[in-house]
Amino acid sequence: MNPQQWKIFQNFKSDFKNQCQSWACYSKELIPLQKSSSVKDTPDYPIETPVVYNTALDELTQQSEIKLIVIGDNPGKNEQLSINQKYLVGQAGKIAEGYFKKNPELEIDFRKNVIILNKTPVHSAKTKHLISIDKELKAGNSPAQNLIEESQRWMAKKTAALHQDLIAASDENSFIPELWLVGYTELKKNGIFIPYRNELKTAYTKTQAITTDSLSLTDESAKTSTAWQKVFVYQHFSMNCFSKDVKNHQAANPAQTLKQTLESLGQIHKEEIFY
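Here's what I pulled together on the structure shown here. All values derive from a computational prediction rather than experimental measurement.

### Some points on the overall build of the protein chain
Phase 1 of the analysis: A count of helical and extended segments in the protein chain gives 9 helices and 4 strands.
Phase 2 of the analysis: For the protein chain, the N- to C-terminal ordering of α and β elements is α-α-β-α-β-α-α-β-α-α-β-α-α.
Phase 3 of the analysis: Whereas a compact globule of 275 residues would reach a radius of gyration of roughly 19 Å, the protein chain reaches 19 Å, a difference of no more than 12%.
Phase 4 of the analysis: By principal-axis analysis of the C-alpha atoms, the protein chain measures approximately 50 × 45 × 35 Å.
Phase 5 of the analysis: In the protein chain, which comprises 275 residues, the share counted as buried stands at 52%.
Phase 6 of the analysis: A fraction of 78% describes how many contacts in the protein chain between residues 6 or more apart in sequence connect residues 24 or more apart.
Phase 7 of the analysis: Accessible surface, the protein chain as shown: approximately 13,200 Å² in total, 50% of it carbon and sulfur.
Phase 8 of the analysis: Separation between the mean location of the 33 positive side-chain charges and that of the 31 negative ones in the protein chain comes to 5 Å.

This is the structure in structure tokens:
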């Protein structure tokens, strides 16, 4: 990252850490709900971090070349353990890491070139458990009743700003990062992540309107106005859904390179979700 990009990333990381600490004040309310939501289909496990900041962000340095911002769902069982407190370190994360190792032509190290975030930092054993946690929080009429939605909107807004700012601050030696939304089932219809989807689209739409309405586009505004073109949507890494989907699309489009396949497939799913 160049100095300006590094400052942007540092500011984002600081805001994110502080916000997670703020939401952690609801831990006493969250833990019983996180336990009860998982009891029917998940073996018992210790809940150690109800709201998870991704400490892997602290391992990135100014020398890190950011090529992707990958957005998962929310922290699962492994991610919330005190010894981890990192995103995508469970089976899905291992699959993702392995995919990039098996495809060196992409020139991406999943642990060194990727900013990994989630749609919400609120933990649940399985994504679908967030639905019952959200219902119970709202029924309780507590200060945390809108936490699931509030956290999604905050993450979407801040993540969109991070992505656009990193692109706007890029130079001839910088990589233009893409943003990948990985896992889109709950982005459809009445899914739990609809607030994230809507807030994300609004964040890019507002910026595009500002830049394209300008009488003369500066280099920075031109970069920002095209940031939405660098947003793609994919199936989740879990259960090899991502790799199977990519493989099927490759088979249907054999003339494409892997990079072209990823772009076209990511655009197809993006249109399914946002249009």
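Alright, that's what it looks like, and here's the rest.
### Examining the pairing of strand β4 (residues 231-234)
Phase 1 of the analysis: Residue alternation in β4 divides its side chains into two sets, Val-231 and Val-233 and Phe-232 and Tyr-234, and both sets are buried.
Phase 2 of the analysis: Here strand β3 (residues 178-182) pairs with β4 via 4 bridges, running parallel. Looking at the pairing, Trp-180 lines up with Phe-232 of β4.

### Some points on the sheet that holds strand β2 (residues 114-118)
Phase 1 of the analysis: The 4 strands lie next to each other as β2-β1-β3-β4, forming an open sheet whose pairing is parallel. Sheet topology places β2 and β4 at the edges, where each strand pairs with a single neighbour. Between one strand axis and the next, the sheet turns by 20 degrees as a mean value, whatever way the strands run.
Phase 2 of the analysis: Pairing between strand β1 (residues 68-72) and β3: 4 bridges, direction parallel. Residue Ile-71 lies in a different strand from β3, and its bridge partner there is Leu-181.

### With respect to the nonpolar core
When a protein is soluble and globular, its nonpolar side chains tend to lie buried together.
Phase 1 of the analysis: Counting 75 residues, the largest nonpolar core has Phe-16, Ile-115, Leu-117 and Trp-180 as its most contacted members.
Phase 2 of the analysis: The element that contributes the greatest number of residues to this core is helix α5 (residues 147-168), accounting for 9 residues.
Phase 3 of the analysis: Those residues in contact with Ile-115 that sit more than four places away from it in its chain are Phe-9, Leu-57, Leu-60, Ile-66, Leu-68, Ile-69, Val-70, Leu-162 and Leu-166.

### Description of the environment of Ile-131
Phase 1 of the analysis: If you trace the backbone, Ile-131 turns up in helix α4 (residues 129-139).
Phase 2 of the analysis: When the C-alpha positions of Ile-131 and Phe-193 are compared, they lie 9.7 Å apart, and in sequence the two are 62 residues distant.
Phase 3 of the analysis: Every residue in contact with Ile-131, bar those within four places of it in the chain, is listed here: Glu-186 and Ile-192.

Reading guide: rules and limits
Residues numbered from 1 in each chain as written. Predicted model: local features only at pLDDT ≥ 70, side-chain atom pairs only at ≥ 80, totals over all residues. Heavy atoms only, no water. Helix = DSSP H or I, 4+ residues; strand = E, 2+ residues; numbered from the N terminus. Rg over C-alpha atoms; globule rule 2.2 N^0.38 Å. Buried < 20%, exposed > 50% of the residue type's maximum accessible area, 1.4 Å probe, protein only. Contact = heavy atoms within 4.5 Å. Areas by Shrake-Rupley, 256 points an atom, 1.4 Å probe, with all protein chains shown as cover. Lys, Arg positive; Asp, Glu negative; His and termini not counted. Charge placed at Lys NZ, Arg CZ, Asp CG, Glu CD. Pairing = 2+ DSSP bridges. Axes fitted to C-alpha atoms, helices over the stretch in contact; angles between N-to-C directions. Core = buried A, V, L, I, M, F, W, Y, C linked by side-chain atoms within 4.5 Å.

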